[in-house]
Amino acid sequence: MVGFADCYAQEMPRLAWFVMTLGASAEAAADAAQSAFSDAFPVWDTIRHPQAWLRRVAQRAYYRRVAATEILVDSVPERPTRVATADVVERHTEARAVLAALAALPAKQRQVMAWSIDGYSPAEIAAELGADPAAVRQNLTKARRNLKQLLGITGSAR
Amino acid sequence: MSSPDSGGAGLAEEVELDLLLTGAQAAAIRVLASALDLNSGLAVIRAHSAPGGVSRAPPARAGPAASAADPDGEDGTHQPR
């Protein structure tokens, strides 16, 4: 099993990107990813599939933050920006376009696409989300169709 | 990456979408790896998990690239899950 430090070094940026594809800013994504690793550290030796575990926990942390922000938007304290979204996406046209297209998807489609982009199969996504596999496949099909439209993909070489 | 629509006339579009998604992912991970201070983030987790530490570690802060954070290290030695 990969040690915690090695996994942190390899997976932290990947996990932050995963949360960004769920709709988070880079800063919120880094917070959620860090929170997931923080939760994992004390129980690291008991986690059998760290990558999936971390994604589930980071996803939950991000959704929790979104819900809290919607209710307590005025109570969020000012703090320095840790990772500006602009730093991540403005430097790369494709990343910016992909995040914008993902943000335009309905929440369920965006969620299954986030897992799919990270290499999970529909059956694996269904297992991780506790969802009906048929519904996951349907959402993936719709998401990919919508993404192709949003990204202007016509099948010709770009 | 899964491609539920793969096969048939839309195959080229499916491939193009996958290429775009994976290219964007790789580029963003490279930028994130340099934007996140991974050494500090790891140290904070360890410090706060030590006896007497607080229950929740603050997030990683922006900083210089951590040498251990090579996003291209996702080769055969690193499984995606």
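Residues numbered from 1 in each chain as written. Chains lettered and ligands numbered in written order. Predicted model: local features only at pLDDT ≥ 70, side-chain atom pairs only at ≥ 80, totals over all residues.

Focus on the overall build of chain B
Scanning chain B from N- to C-terminus turns up 2 helices and 0 strands. The buried share among the 81 residues of chain B stands at 36%. Pairs at least 24 apart in sequence give 49% of the contacts found in chain B among residues at least 6 apart. (Helix = DSSP H or I, 4+ residues; strand = E, 2+ residues; numbered from the N terminus. Buried ≥ 20, exposed ≤ 12 C-beta atoms within 10 Å, placed from the backbone. Contact = placed C-beta atoms within 7 Å.)

Some thoughts on the confidence of the model for chain B
Residue and element names in this part refer to chain B. Confidence in the prediction for chain B averages 68 pLDDT; 52% of positions are at 70 or higher. Across residues 63-81, where pLDDT falls below 50, the model places 31 contacts with residues more than four positions away in sequence or in other chains. For this predicted complex, the interface confidence reaches an ipTM of 0.84, while the overall pTM sits at 0.79. (pLDDT = per-residue confidence, 0-100.)

Things to note about the environment of G3(A)
Residue and element names in this part refer to chain A. Structurally, G3 can be placed in the segment before helix 1 (4-21). The exposed category is assigned to G3, around which 9 C-beta atoms lie within 10 Å. For the pair G3 and W44, spaced 41 residues apart in sequence, the C-alpha to C-alpha distance is 8.4 Å.

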